[in-house]
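Notes for the structure review
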Amino acid sequence: MSNRAVSVNSVERAERDVMPLVKLMTFAAWALLAIGLVLSLFSLESFSDRNTTLMVGIGFMVGSVHIYVIRTAIHLVHSRNVSKGE
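Computed from a predicted structure; not experimentally measured.

1. Some remarks on the packing of aromatic side chains
Evaluated as defined, the whole model comprises 0 aromatic pairs. Between Arg-71 and the ring centre of Tyr-68, over which it is positioned, the NZ or CZ distance is 5.1 Å.

Following this line, the structure appears as structure tokens:
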């Protein structure tokens, strides 16, 4: 039984390009924010928790913030990994 020695330099790491994902998530976050604003503004006359359109609009706006935060985290982690590799 023979063991192979592999040096760390010879192993190439496959870098992932996350920029298309970051751009897609940015677009999705802004689109959901716009949808949420439109839904909320059209149904402000009865401001209560029984107003389904208003609640869905607020949900879209909260969801867009979550998507944008996740997008920012992905971008920062990728940027840190790229800067460490140089």
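2. Things to note about helix α1 (residues 19–42)
Taking 1.5 Å per residue as the helical rise, α1 with its 24 residues ought to reach 34 Å, and the 35 Å between its terminal C-alpha atoms agrees with that figure. Listed in full, the buried residues belonging to α1 are Val-22, Met-25, Thr-26, Ala-29, Gly-36 and Ser-40. Buried-residue contacts for α1 involve α2 (52–85).

3. A closer look at a nonpolar patch on the surface
Residues Leu-37, Leu-41, Leu-44 and Phe-47 make up a contiguous nonpolar surface patch of about 440 Å² in total accessible area. By the secondary structure assignment, Leu-37 is in helix α1. Look at Leu-37 and you get partly exposed, because its relative accessible area is 39%.

Rules used throughout
Residues numbered from 1 in each chain as written. Predicted model: local features only at pLDDT ≥ 70, side-chain atom pairs only at ≥ 80, totals over all residues. Heavy atoms only, no water. Phe/Tyr/Trp six-rings, centres within 6.5 Å; stacked < 30°, edge-to-face > 60°. Lys NZ or Arg CZ within 6 Å of the ring centre and 35° of its normal. Helix = DSSP H or I, 4+ residues; strand = E, 2+ residues; numbered from the N terminus. Expected span 1.5 Å × (residues − 1). Buried < 20%, exposed > 50% of the residue type's maximum accessible area, 1.4 Å probe, protein only. Contact = heavy atoms within 4.5 Å. Patch = residues over 30% accessible without salt bridge, like charges linked within 9 Å, V, L, I, M, F, W, Y side chains within 5 Å. Areas by Shrake-Rupley, 256 points an atom, 1.4 Å probe, with all protein chains shown as cover. Salt bridge = Lys/Arg side-chain N within 4 Å of Asp/Glu carboxyl O.

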